[in-house]
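Topology and contacts: notes
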Amino acid sequence: MAAAADVSPQAAYIQHHLVHFNSLGEKQTAIANFGVINFDSMFWSFLMGLTAVGLMWFAARKATSGVPGRFQGFIEMLVDMVDQQARSIIPSEETRRLVAPLAMTVFMWIVLMNALDLIPVDLAHYVFHLMGIGINSTDPLHFHRILPTADLNVPMGMSMGVLLLMLYYGLKIKTPAGFVKELFTAPFHAHGFAAVLLAPANLFLNLVEYAAKSVSLGMRLFGNMFAGELVFMLIALLGGAWTGFNSMSMSLGIAHILAGSVWAIFHILIVLLQAFIFMMLTLVYIGQAHEGH
């Protein structure tokens with residue numbers, strides 16, 4: 001990555017906000033790297049996961065059989081929505097006992113992680129500076145990103161979890177022998193010598209299908225949230241162009257407020273939609289593991 005002196009202030013600003021607080025202390029942006037641990041992504045994703053579980057635990061603990069309050073009614077509405085979707089997609093009741101609560105947890109977890117993008121992009125750095133930390137480039141918290149789903153490692157890690165569930169239920173429902181047999185005999189069904197000739201093609205297509213499902217599931221969430229994060233940074237640059245009470249600064253300041261407000265409102269839909277899509281595809285992929293070609 002080029003040094004700040006080699007690029008414009010605007011580019012340096014965006015580059016700074018795309019760098020993680022990681023285990024090597026090097027500039028790692030959104031590219032997945034198995035040799036680097038992004039501590040900021042781990043912290044915020046873990047915190048949002050605990051928050052999601054805590055909210056559901058609190059709702060279950062405070063649930064009453066009478067007229068529900070607003071919070072209980074909201075949680076019950078979500079539970080009913082996820083349960084209906086699971087019933088329409090996954091045929092096995094035994095599987096739904098695990099997967100439906102899992103889908104509910106995934107939905108709330110991703111919503112909370114995505115919602116972090118609505119926090120002003122400079123707020124974390126401003127707080128760190130008030131605390132006297134992260135001011136110099138050598139300080140650990142000089143680089144910090146609070147949006148876990150804009151870190152490719154997090155969405156891809158979640159999609160790998162869905163892949164493991166797909167394989168688990170495929171082996172469980174079809175038996176190991178039946179699962180392996182399907183890898184070599186579907187989708188091109190044949191008999192005799194033709195089946196032997198088509199076996200490599202069937203195996204290749206099935207492996208590509210599993211890989212495509214996993215990669216697209218993670219990349220879809222990452223791409224949308226990363227793009228949204230960039231838009232917020234570009235909008236923040238409008239406010240950073242303030243030079244005093246003059247016509248140019250006033251115009252950019254008004255544009256900054258209007259654009260930020262409009263994009264934040266629209267981004268609420270993206271936050272919810274991406275969580276819903278990830279949850280639904282999790283149910284669909286696990287449901288497909290119960291079916292044969």
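Please refer to the structure placed before this passage.
Structure report, in brief. Bear in mind the structure is a predicted one, so any value in this text is a computation, not a measurement. (Residues numbered from 1 in each chain as written. Predicted model: local features only at pLDDT ≥ 70, side-chain atom pairs only at ≥ 80, totals over all residues. Heavy atoms only, no water.)

Attention shifts here to the overall build of the chain. Scanning the chain from terminus to terminus reveals 8 helices and 0 strands. When the 293 residues of the chain are sorted by exposure, 39% land in the buried category. Within the chain, contacts between residues at least 6 apart in sequence are counted, and of these 70% link residues at least 24 apart. Only carbon and sulfur atoms are counted for the fraction: they give 72% of the accessible area of the chain, which is about 16,000 Å². (Helix = DSSP H or I, 4+ residues; strand = E, 2+ residues; numbered from the N terminus. Buried < 20%, exposed > 50% of the residue type's maximum accessible area, 1.4 Å probe, protein only. Contact = heavy atoms within 4.5 Å. Areas by Shrake-Rupley, 256 points an atom, 1.4 Å probe, with all protein chains shown as cover.)

Moving on to the packing of aromatic side chains. The tally for this structure, following the rule as stated, stands at 8 aromatic pairs. Between Phe58 and Phe71 the ring centres are 5.9 Å apart and the planes differ by 55°, which places this aromatic pair in the tilted class. Here Phe58 is found in helix H2 (residues 39-62), whereas its partner Phe71 is found in helix H3 (residues 70-89), with 13 residues between them in sequence. Ring geometry for Phe179 and Tyr210: centres 6.4 Å apart, planes at 50°, overall tilted. Here the residue Phe179 occupies a position in helix H6 (residues 153-185), and Tyr210 occupies one in helix H7 (residues 193-240), the gap between them amounting to 31 residues. Grouping residues by exposure puts Phe179 and Tyr210 together as buried. (Phe/Tyr/Trp six-rings, centres within 6.5 Å; stacked < 30°, edge-to-face > 60°.)

An ideal rise of 1.5 Å per residue puts 28 Å on 20 residues; H3 measures up with 29 Å between its terminal C-alpha atoms. Where H3 is concerned, the buried positions are Gln72, Ile75, Leu78, Val82 and Ala86. For H3, the angular spread of buried residues about the axis comes to 130°, placing them on one side. Seen from the buried face of H3, the exposed residues on the opposite side, beyond 90 degrees, are Arg70, Met77, Arg87 and Ser88. (Expected span 1.5 Å × (residues − 1). Arc of directions from axis to C-beta.)

Before going further, it helps to examine the nonpolar core. With 53 residues, the main nonpolar core has Phe107, Met108, Ile110, Met158, Phe278 and Leu283 as its most contacted residues. Elements supplying a minimum of two residues to this core: H2, H3, helix H4 (93-115), helix H5 (123-130), H6, H7 and helix H8 (247-288). Here this core gets 11 residues from one element, more than from any other, and that element is H8. In contact with Phe278, not counting residues within four places along its chain, are Val106, Ile110, Pro155, Met158, Ser159, Val162, Leu217 and Leu221. Tyr13, Ile14, Leu18 and Ala236 belong to the second largest nonpolar core, which has 5 residues in total. (Core = buried A, V, L, I, M, F, W, Y, C linked by side-chain atoms within 4.5 Å.)

What the rule picks out here adds up to 6 salt bridges. We note a salt bridge from Lys172 to Glu94, for which the minimum N-O separation is 3.2 Å. In this pair, Lys172 sits in helix H6 while Glu94 sits in helix H4, placing the two residues 78 residues apart along the sequence. In this structure, the salt-bridge partner of Glu209 is Lys213, at a minimum N-O distance of 3.2 Å. (Salt bridge = Lys/Arg side-chain N within 4 Å of Asp/Glu carboxyl O.)

Next up on the list: empty space enclosed by the protein. For the structure shown, the criterion picks out 1 cavity of 30 Å³ or more. Volume-wise, the largest cavity comes out at about 140 Å³. Lining of the largest cavity is provided by 14 residues; of these, Val121, His144, Arg145, Ile146 and Glu229 occupy positions nearest its centre. Contributions of two or more residues to the lining of the largest cavity are made by H5 and H7. In terms of residue class, the lining of the largest cavity is built from 8 nonpolar, 3 polar and 3 charged. (1 Å grid on protein atoms, 1.4 Å probe; cavity = no way out; pocket = protein on both sides within 12 Å on 5 of 7 lines; lining within 4 Å. Points joined across faces, edges and corners; volume = space filled by probe spheres on them. Nonpolar A, V, L, I, M, F, W, Y, C, P; charged D, E, K, R; others polar.)

Function cannot be inferred from these measures alone, as they are strictly geometric.
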